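# Inside the fold
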Amino acid sequence: MQKALTVLSLVLLGHASAATITVWTNFGGPEQAWLKEQAQAFEKKTGNRVQLVNVPFEQIPDKFIQSAPKGQGPDLLVTQPQDRIGQYAAAGVIEPMDKYLISRSDLDKTALGAMTYKGKLFGLPMFAEAVGVVYNKKLVPNAPTTWAEFLKVAQANTGNGKFGYLEDLSEAYQNYGVISAYGGYVFKNNGGTLNVKDVGLNNAGAVKASAFLNDLRYKYNLVPEGVTNDAAKSAFLDGRLAMFLTGPWNMGDIKKAGISYGIMPFPTPPGASGKWSPFVGVQGIMLSAYSKNKAAAAQFARQLVSSDAQVSFNKAGGRIPVSLAARTKLKSDPVVAGFGKIISMGTPMPNVPEMSAVWGPWTNAIAQSVQKPDANYKQILDKAVQEINSNIK
């Protein structure tokens, strides 16, 4: 009898100490179904309850910042992009997660860097994306690895309504890899902390990068004026384009078109001091600083970024996992293998609030630099950086 009472007491104690974790998510479709399955598995394993609340992506920042201090917000956000971290950290609504991450060895270092703000890890990375060169294997049987090989293949496939290489040269985001290769940068990175007073978008390397982008149009005659990302994608799907710069978001349509494709990094540009390193966008799980169930919430977050969960998440929506073990398990998937490699060699897109002051002037400068041959790149970039610095102050 005494033993039965003891067992009953333990059961009641277990239920009394069980936590309810509220998760805000913008996931829909198969990814929402995946999250529900993960929540059910977690509930069964731990006895804790997970309450999923669907909140539109664009509404999450304001709602979270306003409701968290009142104790009305979620315990976890699944998921948020790294460029919201600075805003959330400044508002004091997200908790550093360093102490909750048992091991970092399985997570992509670039992705961890994207979730780090002022030296602290403010989110567990879950998936990432970056641009890479997607090529038609029928037109490019072997992926070129040097600029000389790349140029030879591109020019051999250009002419008579066909193109060897296309991209939107006016896009600052997708051309950051070239800027980085020549030594340009947005904000100087000092050991994981970005110095927003040190903007490197008009240094000598950034000027060389603008000249190279201009050369792709007017010297090498690869990218005609007016080419947009949609135009490049259309040409690729029609079989009229050998190689183009794009991201995982276009792979569904490429697969549907039945094109035999490969994915590779852009080669090191001529005369560059470093390798091509594109911007990497990362989304991760963030823990509310006002959560009353931080340990249980962090346990669920760790489950979501585990290798097994990352594999099933990829199967649900095709996202590129940041778990290295998950990538190994998915190595037969050319999208995961190709973009996974590129993500690891990329540069985290800045996650500080000051980045909002950069996009407008910088994008205008990049677009202006490719509008005519031999533009005054230094003058164009100086003006942009002057405007950026003025916006930040």
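Residues numbered from 1 in each chain as written. Predicted model: local features only at pLDDT ≥ 70, side-chain atom pairs only at ≥ 80, totals over all residues. Heavy atoms only, no water.

### What to know about the overall build of the chain
- For the chain, the count of helices and strands is 16 helices and 15 strands.
- Taking 21 Å as the expected radius of gyration for a compact globule of 393 residues, we find that the chain reaches 23 Å, a close match to that expectation.
- Reported as C-alpha extents along the three principal axes, the dimensions of the chain are approximately 90 × 50 × 30 Å.
- Each of the 393 residues in the chain was classed as buried or not, and the buried ones make up 51%.
- Partitioning the contacts of the chain with sequence separation of at least 6, the portion at a separation of at least 24 is 76%. (Helix = DSSP H or I, 4+ residues; strand = E, 2+ residues; numbered from the N terminus. Rg over C-alpha atoms; globule rule 2.2 N^0.38 Å. Buried < 20%, exposed > 50% of the residue type's maximum accessible area, 1.4 Å probe, protein only. Contact = heavy atoms within 4.5 Å.)

### Focus on the pairing of strand E10 (residues 193–200)
- Note that strand E9 (residues 185–190) and E10 share five bridges and pair antiparallel. Opposite Asn189, over in E10, you have Leu194 as the bridge partner. (Pairing = 2+ DSSP bridges.)

### As for helix H14 (residues 334–344)
- Every buried residue of H14 is accounted for by Val335, Val336, Gly338, Phe339, Gly340, Ile342 and Ile343.
- Regarding H14, its N-cap is Asp333, as a side-chain oxygen of that residue lies 2.9 Å from the backbone nitrogen of Val335 further along. (Polar contact = N/O pair within 3.5 Å; in protein donor to acceptor, adjacent residues only side chain to side chain.)

### A word on the packing of helix H2 (residues 29–46) against helix H11 (residues 294–304)
- Following both chains from N to C, one finds H2 and H11 inclined at 125°, their axes separated by 11 Å at the closest point. For the element pair H2 / H11, the angle class is oblique. Crossing angle aside, the handedness with which H2 passes H11 is right-handed. Contacts from Trp34, Leu35, Gln38, Ala39, Ala41, Phe42 and Thr46 of H2 reach H11 at Ala296, Gln299, Phe300, Gln303 and Leu304.
- Residue composition of the contact of H2 with H11, grouped by class: eight nonpolar, four polar and no charged. (Axes fitted to C-alpha atoms, helices over the stretch in contact; angles between N-to-C directions. Parallel < 35°, antiparallel > 145°, perpendicular 65-115°, else oblique. Left-handed = near helix turned anticlockwise from the far one by under 90°. Nonpolar A, V, L, I, M, F, W, Y, C, P; charged D, E, K, R; others polar.)

### Let's talk about the pattern of salt bridges
- Scanning the entire structure with this criterion turns up seven salt bridges.
- We note a salt bridge from Glu31 to Arg319, for which the minimum N-O separation is 2.9 Å. Taken together, the residues span a long stretch of sequence, with Glu31 in helix H2 and Arg319 in the loop between helix H12 (307–317) and strand E14 (320–321) at a distance of 288 residues.
- Classification of Glu31 as buried rests on a relative accessible area of 9%.
- Residue classification places Arg319 among the partly exposed residues on the basis of a relative accessible area of 29%.
- Lys233 is paired through a salt bridge with Asp253; the nearest N and O atoms lie 2.5 Å apart. Of this pair, Lys233 sits in helix H9 (residues 229–237) while Asp253 is found in helix H10 (residues 251–256), placing the two residues 20 residues apart along the sequence. (Salt bridge = Lys/Arg side-chain N within 4 Å of Asp/Glu carboxyl O.)

### Focus on the nonpolar core
- Counting 123 residues, the largest nonpolar core has Leu76, Tyr165, Leu216, Met243, Phe300 and Trp362 as the members making the most contacts within it.
- Contacts of Tyr165, omitting those with residues within four sequence positions, involve Val133, Phe150, Ala154, Leu216, Leu222, Val223, Leu241, Met243, Phe244, Leu245 and Phe266.
- In terms of nonpolar packing, the next biggest core, distinct from the first, is built from eight residues, Ala206, Ala375, Tyr377 and Leu381 among them. (Core = buried A, V, L, I, M, F, W, Y, C linked by side-chain atoms within 4.5 Å.)

### A closer look at the environment of Gly123
- Considering the arrangement of structural elements, one finds Gly123 in the loop between strand E5 (120–121) and strand E6 (124–129).
- Sequence separation between Gly123 and Ser369 is 246 residues; the distance between their C-alpha atoms is 37 Å.
- Ignoring sequence-local partners within four residues, the contact set of Gly123 consists of Met97, Met115, Ile285 and Met286.

### Notes on the confidence of the model for the chain
- Summarising the model, the chain shows a mean pLDDT of 95, and 96% of its residues fall at 70 or more.
- Here residues 1–16 scores under 50 on pLDDT; set against residues more than four positions off or in separate chains, the count is zero contacts. (pLDDT = per-residue confidence, 0-100.)

### Observations concerning the packing of aromatic side chains
- Scanning the model with the defined rule gives 24 aromatic pairs in all.
- Measuring from centroid to centroid gives 6.2 Å for Phe212 and Phe266, while their planes differ by 75°, and the two rings are edge-to-face. With Phe212 in helix H8 (residues 204–218) and Phe266 in the loop between strand E12 (261–264) and strand E13 (279–287), this residue pair connects regions lying 54 residues apart in the sequence.
- Overall, Phe212 belongs to the buried group, its relative accessible area being 3%. (Phe/Tyr/Trp six-rings, centres within 6.5 Å; stacked < 30°, edge-to-face > 60°.)

### Section: helix H6 (residues 147–156)
- Taken together, the buried positions of H6 are Trp147, Phe150, Leu151 and Ala154. One side of H6 carries all its buried residues, which in axial view fall inside an arc of 95°. The exposed residues of H6 that point more than 90 degrees off its buried face are Ala148, Lys152 and Ala156.
- Next to the buried residues of H6 lie strand E7 (132–136), strand E8 (163–166), H8, strand E11 (241–246) and E12. (Arc of directions from axis to C-beta.)

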